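Residues per chain are reported as follows:
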Amino acid sequence: MIQTMTPSSRIPVPPDGKARSLPMRPSKPPQRLRLSPTAFAKLLFFRDAGDCEVGGFGISAAEDLLYLEDVELVRQTCDVASVVFDDEAVADYFDRQVDAGRKVSQVGRIWVHTHPGSCPQPSAQDEETFARVFGKTDWSVMFILARDGQNYARLEFHVGPGGSLILPVEVDYEKPFPASDHAAWHKAYLANVQEIQWPRLLGEGISRDTVPHPELAEWPDFWDEVWEDRLFDSCQEESEGDFDDDDL
Ligand SMILES: [Zn+2]
């Protein structure tokens, strides 16, 4: 966070009129979204398990809400550019977490999802979902992990005047963390993620003009949205950060 100097925070000048140098004080470190290595590895696994966006909730440490200990999927339908959670599954998820003794602020403020391409910028659909689902909370974070380690995290405040802040993201190795469990993660993926298969065509260099299946040509709205709005327009700018997938 950038702190600006206001008139009331001028450096005081001693009576002799000569300013003395003040002792150096470490500035407050910027807010960061930190993931345990396990949470990060799990999200990478989900990202690479299929060809579509995969979404879930971040589970924060009780005393450190911007530190994700884990991520959890809920039942969802997804394609290459969107995720739709099943309402009942979301309700079940919250019941389970509260029964496990966690607070809602630990399990329902950080929306994580993956992008199958290398662009981590939120799509128009992502923004709509974030505003609709999380807009009534006091604060929330949208975190997107794309291919090649590109990522995007934005913290939003919904109280008072509100505001938002792009967060740097890092994997935090300092605390103890559990081992990876690919078998359990694969099981969770299969149990929760229902992929809509037809957008696979997007990854095969096929455009609106070379549609091999006549039925796809009848979906002009789909092509407009995916090609022009969701995938490319939002990624003209530089992405906000990147991880080296080989870090783990
Ligand atoms: Zn997205």
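Residues numbered from 1 in each chain as written. Predicted model: local features only at pLDDT ≥ 70, side-chain atom pairs only at ≥ 80, totals over all residues.

### Overview of the overall build of the chain
Worth spelling out the cut-off: Numbering of helices and strands runs from the N terminus; a helix is a DSSP stretch of H or I covering at least four residues, while a strand is a stretch of E covering at least two. Partly exposed residues are those whose C-beta has more than 12 but fewer than 20 other C-beta atoms within 10 Å; with 20 or more the residue is buried, with 12 or fewer it is exposed, and the C-beta atoms are placed from the backbone. Note on contacts: each residue gets a C-beta atom placed from the backbone, and two residues are in contact if those atoms are within 7 Å.
Secondary structure assignment for the chain yields 7 helices and 12 strands. Buried residues in the chain amount to 29% of all 248 residues. Intrachain contacts of the chain at a sequence separation of at least 6 include 72% that bridge at least 24 residues.

### What to know about the packing of helix α1 (residues 37-48) against helix α5 (residues 182-192)
To keep things clear, this is the line we draw: Fitted lines through C-alpha atoms serve as axes, helices being fitted only where they are in contact, and the angles separating the N-to-C directions of these axes extend from 0 to 180 degrees. Convention used here: angles under 35 degrees read as roughly parallel, angles over 145 as roughly antiparallel, angles from 65 to 115 as roughly perpendicular, and any remaining angle as oblique. Throughout, a crossing is termed right-handed when the near helix is turned clockwise from the far one, and left-handed when it is turned anticlockwise from it by less than a right angle.
Interhelical geometry of α1 versus α5 gives an angle of 50° and a closest axis separation of 10 Å. Relative to α5, the element α1 is oriented oblique. The chirality of how α1 crosses α5 is right-handed. Seen from α1, the contacting residues are Lys 42, Phe 45 and Phe 46; seen from α5, they are His 182, Trp 185 and Tyr 189.

### Some thoughts on the environment of Phe 45
Relative to the assigned elements, Phe 45 resides in helix α1. With 18 C-beta atoms packed within 10 Å, Phe 45 lands in the partly exposed category. Measuring from C-alpha to C-alpha, the distance between Phe 45 and Trp 185 comes to 7.5 Å, with 140 residues separating the pair along the chain. Setting aside chain neighbours within four positions, we find Phe 45 in contact with His 182 and Trp 185.

### Topic: the nonpolar core
The line we're drawing: Any nonpolar core is a set of buried residues, restricted to Ala, Val, Leu, Ile, Met, Phe, Trp, Tyr and Cys, that join up through C-beta atoms within 7 Å.
In terms of nonpolar packing, the biggest core is built from 38 residues, with Phe 57 and Phe 143 touching the most fellow members. Those elements that place two or more of their residues in this core are β1 (33-35), α1, β2 (55-61), β3 (64-73), β5 (82-85), β6 (110-115), β7 (139-146) and β8 (150-157). Contact partners of Phe 57, with chain neighbours within four places excluded, come to Val 71, Glu 72, Tyr 93, Val 107, Gly 108, Ile 110, Trp 111 and Val 112.

### Focus: the sheet that holds β5
To keep it simple, the criterion reads: Strand pairing is assigned whenever DSSP detects at least two bridges linking the two strands.
In space, the 3 strands of this open sheet follow the order β5-β4-β11, with mixed pairing throughout. The two strands at the open ends of the sheet, each matched to only one other strand, are β5 and β11 (193-195). Pairs of neighbouring strands in the sheet enclose a mean axial angle of 25°, with direction left out of account. Relative to β11, strand β4 (residues 76-79) is paired through 3 bridges, and the arrangement is parallel. From the neighbouring strand, Gln 76 faces β11, where its bridge partner is Val 193.

### Details of the pairing of β5
Across 4 bridges, the pairing between β4 and β5 is antiparallel. Paired with Gln 76 across the strands is Phe 85, a residue of β5.

### With respect to the confidence of the model for the chain
The line we're drawing: Per-residue confidence from the prediction method is given by pLDDT, with values spanning 0 to 100.
Looking at the chain as a whole, the pLDDT averages 78, with 67% of positions reaching at least 70. Segment residues 1-15 is flagged for pLDDT under 50; beyond a separation of four residues in sequence, or across chains, it makes 7 contacts in the model. With pLDDT under 50 throughout, residues 17-26 is counted as low confidence; its partners more than four residues away or in other chains account for 4 contacts.

### Some remarks on the pairing of β8
For β7 and β8, the ladder comprises 7 bridges, and the chain directions are antiparallel. What sits directly across from Met 142, in β8, is Arg 154. The turn linking β7 back onto β8 is made up of 3 residues, and Asp 148 within it adopts a positive phi angle of 65°. Of the strand pairs in this sheet, β8 and strand β9 (residues 163-166) are connected by 4 bridges, and their pairing is antiparallel. Opposite Glu 156, over in β9, you have Ser 164 as the bridge partner. Taking the residues between adjacent antiparallel strands as the criterion, β8 and β9 are bridged by 5 residues, where Gly 160 takes a positive phi near 55°.

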